Amino acid sequence: MTTVQTTAHTKRAKAAKSTKAAKSTKAAKSAKAAKGKRTTLRHAVRTALVGGTAARFGYTLLNRFTPGEAALWERRNHRGEVVTLLEGPAAALGSAVAAATAPGVPARHRAAAAFATAAAAGFGTYDDMLGATDKRGFKGHLGALAKGELTSGTVKVLGIGATGLIAGAMVQSKPVDKILAGIVVAGSANVVNLFDLRPGRAAKVTVLAGALPVLRGNRLAAAPVGAAAALLPEDLDEKAMLGDAGANALGAALGVAAAAGASRTGLVLRAAVLTGLTLASERVSFTKVIARTPALDRIDMLGRRPVAPPRPPADDAAPAASADAAATAP
């Protein structure tokens, strides 16, 4: 073999060895990345289970040792039936505990999620207990404030707004991003609450909004998803409802999960969507939109009791009863 042939052979051998080493390194990195994704997803599922378990435990405990009289927590739903508001504090508890113990999440982010959830639940409970139904939405509450009347809803809006900004500052580093993150947290808390008008609706919104982030390994999103899913049966069975305490808390938790680590573009898009939904709610009934959209209506009715037929007017009830009586008279 000539010197030229030997040199060429050596170069080919080195090239083959280098290619093999590169492939081996790439395979090792791919395997490591796949393992990391599995671990992250496993942590997210674990966080969801912690949230669900804590929520169920809290709900049982609150029903057994109800703060104050049971009637204080009772409300009438859209059917006029009595339900309990204890689902809300239980959902908030489950979400906060799961967020605070989520593995692999920076301590600052865990603290922000737990803080925002607890604060939203506190202001929501205040509005549940003292809120008046004659003032609704931002327009109603801010209109009352302009006239010198401080409603419980205004206190809740200002409180969740302030705590949202604090939580946003905990998960972002730049001033503009801190403000945008705060808008996302507060806006998410408000939007989820806007859906709490029918059994299970706000809980379903929480689960659906958080499902994809959870599958991608977002452990903070898994906390409210687990808590909402665990209490969904009572909500759908119309035994309990989230109320402002639960809906605001679950929304705030989702907001922190969405804002933590997000890029500025992501924050702007999220803030714009949430602001748009909030403004739209002042003019459009989400319930009517859902009812008119077949796909949304099917999701909304999934697991719910059938809608009760409308009752006949009072004026028609008496003649009908008389006719029935006459028909059965001997």
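Residues numbered from 1 in each chain as written. Predicted model: local features only at pLDDT ≥ 70, side-chain atom pairs only at ≥ 80, totals over all residues. Heavy atoms only, no water.

*Asks:* Help me understand empty space enclosed by the protein, please; the structure alone is not making it clear to me.
*Replies:* To locate leftover empty space, one rolls a probe as large as a water molecule over the atoms. Across all of its chains, the model carries one cavity of 30 Å³ or more by this definition. In this structure, the largest cavity encloses a volume near 30 Å³. As for the largest cavity, its lining consists of Ala-116, Ala-119, Ala-120, Ile-160, Thr-163, Gly-164, Val-185 and Ala-252. Those elements that provide at least two residues to the lining of the largest cavity are α3 (107–130) and α5 (152–171). When grouped by side-chain class, the residues that make up the lining of the largest cavity number six nonpolar, two polar and no charged. (1 Å grid on protein atoms, 1.4 Å probe; cavity = no way out; pocket = protein on both sides within 12 Å on 5 of 7 lines; lining within 4 Å. Points joined across faces, edges and corners; volume = space filled by probe spheres on them. Helix = DSSP H or I, 4+ residues; strand = E, 2+ residues; numbered from the N terminus. Nonpolar A, V, L, I, M, F, W, Y, C, P; charged D, E, K, R; others polar.)

*Asks:* Mind showing me how you'd approach the side chain of Thr-47 here?
*Replies:* Its place among the elements puts Thr-47 in helix α1 (residues 3–64). Not counting residues up to four positions away in its chain, the partners in contact with Thr-47 are Ala-98, Ala-102, Pro-103, Arg-219, Ala-222 and Ala-223. (Contact = heavy atoms within 4.5 Å.)

*Asks:* Which parts of the structure should I look at to understand the environment of Leu-232?
*Replies:* Structurally, Leu-232 can be placed in helix α8 (residues 219–236). By relative accessible area, Leu-232 is classed as buried at 17%. When neighbours within four sequence positions are excluded, Leu-232 is seen to be in contact with Gly-200, Ala-203 and Lys-204. (Buried < 20%, exposed > 50% of the residue type's maximum accessible area, 1.4 Å probe, protein only.)

*Asks:* Mind showing me how you'd approach the pattern of salt bridges here?
*Replies:* Working definition: two side chains of opposite charge can pair if their charged atoms are close together. All chains considered together, the criterion is met by 10 salt bridges. The partner of Asp-300 in a salt bridge is Arg-201, and the shortest N-O contact between them spans 2.9 Å. Of the two residues, Asp-300 sits in helix α12 (residues 294–301) while Arg-201 sits in helix α7 (residues 201–215), which places them 99 residues apart along the sequence. Each member of the pair, Asp-300 as well as Arg-201, carries the same accessibility label: buried. Among the salt bridges present, the one from Glu-238 reaches Arg-305, with a minimum N-O distance of 3.5 Å. Here Glu-238 is found in the loop between α8 and α9 (243–259), whereas its partner Arg-305 is found in the loop between α12 and α13 (314–328), with 67 residues between them in sequence. A relative accessible area of 5% means that Glu-238 is categorised as buried. Linked through salt bridges whose partners overlap, the residues forming this network are Arg-79, Glu-81, Glu-238 and Arg-305. (Salt bridge = Lys/Arg side-chain N within 4 Å of Asp/Glu carboxyl O.)

*Asks:* Help me out: how do you make sense of the packing of helix α2 (residues 87–100) against α3 in this one?
*Replies:* When two helices pack together, their arrangement is given by the angle between the helix axes and by the axis-to-axis distance. Contact geometry for α2 and α3: axes closest at 8 Å, N-to-C directions at 170 degrees. Here α2 is positioned roughly antiparallel relative to α3, judged by the angle of their axes. Where α2 crosses over α3, the handedness of that crossing is left-handed. Residues Ala-92, Ser-95, Ala-96, Ala-99 and Ala-100 of α2 touch α3, and the partners they reach there are Arg-110, Ala-113, Ala-114, Thr-117 and Ala-121. The residue inventory of the contact of α2 with α3, partitioned by class, reads seven nonpolar, two polar and one charged. (Axes fitted to C-alpha atoms, helices over the stretch in contact; angles between N-to-C directions. Parallel < 35°, antiparallel > 145°, perpendicular 65-115°, else oblique. Left-handed = near helix turned anticlockwise from the far one by under 90°.)

*Asks:* Can you help me understand α9 in this one?
*Replies:* Helical geometry note: an α-helix holds 3.6 residues per turn, so side chains three or four residues apart project in the same direction. With 17 residues, α9 extends 24 Å from end C-alpha to end C-alpha; this agrees with the ideal 24 Å at 1.5 Å per step. With 16 of its 17 residues buried, α9 lies for the most part within the structure. Positive phi shows up at Gly-261, right after α9, with a value of about 75 degrees. (Expected span 1.5 Å × (residues − 1).)

*Asks:* Can you walk me through the confidence of the model for the chain in this structure?
*Replies:* In low-pLDDT regions, the fine details of the predicted coordinates are not to be read closely. Counting all residues, the mean pLDDT for the chain is 85, and 77% of those residues have values of 70 or more. Ignoring residues within four places in sequence, the model shows residues 316–330, a span with pLDDT below 50, making zero contacts including any to other chains. (pLDDT = per-residue confidence, 0-100.)

*Asks:* I would appreciate a short explanation of the layout of surface pockets in the present structure.
*Replies:* In this structure, the second largest pocket spans a volume of roughly 660 Å³. Lining the second largest pocket are 24 residues, with Ser-188, Ala-209, Leu-254, Ala-258 and Arg-270 sitting closest to its centre. Listed by contribution, the elements that provide at least two residues to the lining of the second largest pocket are α6 (175–194), α7, α9 and α10 (264–281). When residues of the lining of the second largest pocket are assigned to their parent elements, the largest contribution, five residues, is made by α10. Taken together, the residues of the lining of the second largest pocket break down into 17 nonpolar, five polar and two charged.

*Asks:* Could you clarify how one ought to interpret the environment of Lys-204 in this entry?
*Replies:* Mapped onto the elements of the fold, Lys-204 is located in helix α7. Setting aside its immediate chain neighbours within four residues, Lys-204 contacts Leu-232, Leu-236, Ile-299, Asp-300, Met-301 and Leu-302. A polar contact of 3.0 Å, which involves the side chain of Lys-204, links it to the backbone oxygen of Asp-300. Polar side-chain contacts of Lys-204 include one of 2.6 Å to the backbone oxygen of Leu-302. (Polar contact = N/O pair within 3.5 Å; in protein donor to acceptor, adjacent residues only side chain to side chain.)

*Asks:* Help me understand a nonpolar patch on the surface, please; the structure alone is not making it clear to me.
*Replies:* Together, Leu-41, Val-45, Leu-49, Leu-212 and Leu-215 give the surface a local cluster of nonpolar side chains, amounting to about 470 Å² of exposed area. When contributions to the nonpolar patch are tallied by element, the ones reaching two or more residues are α1 and α7. The element contributing the most residues to the nonpolar patch is α1, with three residues. Of note, Leu-49 is situated in helix α1. (Patch = residues over 30% accessible without salt bridge, like charges linked within 9 Å, V, L, I, M, F, W, Y side chains within 5 Å. Areas by Shrake-Rupley, 256 points an atom, 1.4 Å probe, with all protein chains shown as cover.)

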